[in-house]
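The lines below spell out each chain.
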Amino acid sequence: MNKFFKFLILILILQACTYEPIYLNKNYNFRFSNINLLGDEQINNIIKNFLIYNTNGEKIYNIKLKTSKKREIVTSDSKGDPKIYKIIINLKYQLYQNEKEIKQDQISKQVTYKSIKDKFELSQYEDNIIKNLSENISKEIFLAVKIISQ
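So, a few notes on the structure that sits alongside this text.

Reading the values: the criteria
Residues numbered from 1 in each chain as written. Predicted model: local features only at pLDDT ≥ 70, side-chain atom pairs only at ≥ 80, totals over all residues. Heavy atoms only, no water. Axes fitted to C-alpha atoms, helices over the stretch in contact; angles between N-to-C directions. Helix = DSSP H or I, 4+ residues; strand = E, 2+ residues; numbered from the N terminus. Parallel < 35°, antiparallel > 145°, perpendicular 65-115°, else oblique. Left-handed = near helix turned anticlockwise from the far one by under 90°. Contact = heavy atoms within 4.5 Å. Nonpolar A, V, L, I, M, F, W, Y, C, P; charged D, E, K, R; others polar. Salt bridge = Lys/Arg side-chain N within 4 Å of Asp/Glu carboxyl O. Buried < 20%, exposed > 50% of the residue type's maximum accessible area, 1.4 Å probe, protein only. Pairing = 2+ DSSP bridges.

1. Thoughts on the packing of helix α2 (residues 41–53) against helix α3 (residues 119–149)
Phase 1 of the analysis: Between α2 and α3, the shortest axis-to-axis distance is 9 Å and the interhelical angle comes to 45°. Taken as axis vectors, α2 and α3 run oblique relative to one another. Crossing of α2 over α3 shows right-handed handedness. Counted together, Gln-42, Ile-43, Ile-46, Ile-47, Phe-50 and Leu-51 of α2 and Asp-127, Ile-130, Lys-131, Ser-134, Glu-135, Ile-137, Ser-138, Lys-139, Ile-141 and Phe-142 of α3 form the full contact between these two elements.
Phase 2 of the analysis: Here the contact of α2 with α3 is composed, by residue class, of 9 nonpolar, 3 polar and 4 charged.

2. Considerations on the pattern of salt bridges
Phase 1 of the analysis: Tallied over the entire structure, the rule returns 6 salt bridges.
Phase 2 of the analysis: Note that Asp-40 is salt-bridged to Lys-69, the shortest N-O span being 3.7 Å. Remark: Lys-69 occurs in strand β2 (residues 59–76) and Asp-40 occurs in the loop between β1 (30–38) and α2; sequence separation between them is 29 residues.
Phase 3 of the analysis: The exposure class of Asp-40 is buried, given its relative accessible area of 19%.
Phase 4 of the analysis: Close ionic contact of Glu-126 with Arg-71 constitutes a salt bridge, the shortest N to O distance being 2.7 Å. Residue Glu-126 is located in helix α3, and its partner Arg-71 is located in strand β2; the two are separated by 55 residues in the primary sequence.
Phase 5 of the analysis: If you follow the salt bridges from partner to partner, you end up with Lys-70, Glu-72 and Lys-86 in one network.

3. Overview of the sheet that holds β1
Phase 1 of the analysis: The strand order across the open sheet built from 4 strands is β1-β2-β3-β4, with neighbouring strands paired in mixed fashion. Single-partner strands in this sheet number two, and they are β1 and β4 (100–114). On average, each strand axis in the sheet is inclined to that of its neighbour by 25°, with strand direction left out of account.
Phase 2 of the analysis: As paired elements, β2 and strand β3 (residues 82–97) share 14 bridges and run antiparallel to each other. When the bridges of β3 are listed, Leu-65 appears paired with Tyr-93.
Phase 3 of the analysis: On top of the sheet, α2 reaches β1, β2 and β3; it is set at about 175° to β1, its chief contact.

4. Quick notes on the pairing of β4
Phase 1 of the analysis: Sheet analysis places β3 next to β4, joined by 14 bridges and oriented antiparallel. When the sheet's bridge partners are listed, Ile-89 is paired in β4 with Lys-109.
Phase 2 of the analysis: Taking the residues between adjacent antiparallel strands as the criterion, β3 and β4 are bridged by 2 residues, where Asn-98 takes a positive phi near 55°.

5. Description of the environment of Lys-86
Phase 1 of the analysis: Summarising the element assignment, Lys-86 is placed in strand β3.
Phase 2 of the analysis: If near-sequence neighbours (up to four positions away) are discounted, Lys-86 is found in contact with Lys-70, Arg-71, Glu-72, Val-74, Gln-110, Val-111, Thr-112 and Tyr-113.

What follows is the structure in structure tokens.
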């Protein structure tokens, strides 16, 4: 009988918890009317597309983004060929509402990865890394604005 009550309580607790993905609900009460971009074009386009696609609402924000990308060689082999690389993406942004700055922040993301002999494959791999890092940065901006707009 004791196991039955434990099981019943566990079922009730788990049923009360609901999981809902953050980006599934598209009813946000803000949008971006002006997105000013400086820096790396590839990163800027990914962030801009994410911010425009995922917002539509009454509150209007303007945002200024300044991005930079840095690729470093972490280690080299005995011949001097790179073995491990690191990509660092930095972003500074300023959020405005009614021409008044309401938030200023900086985000930095980095990834370390091994070199690939095939240069084309390495280039494709780096592009994929940059895309993923840029999307993660976009999500951080989005969540910061979502918290402010509540």
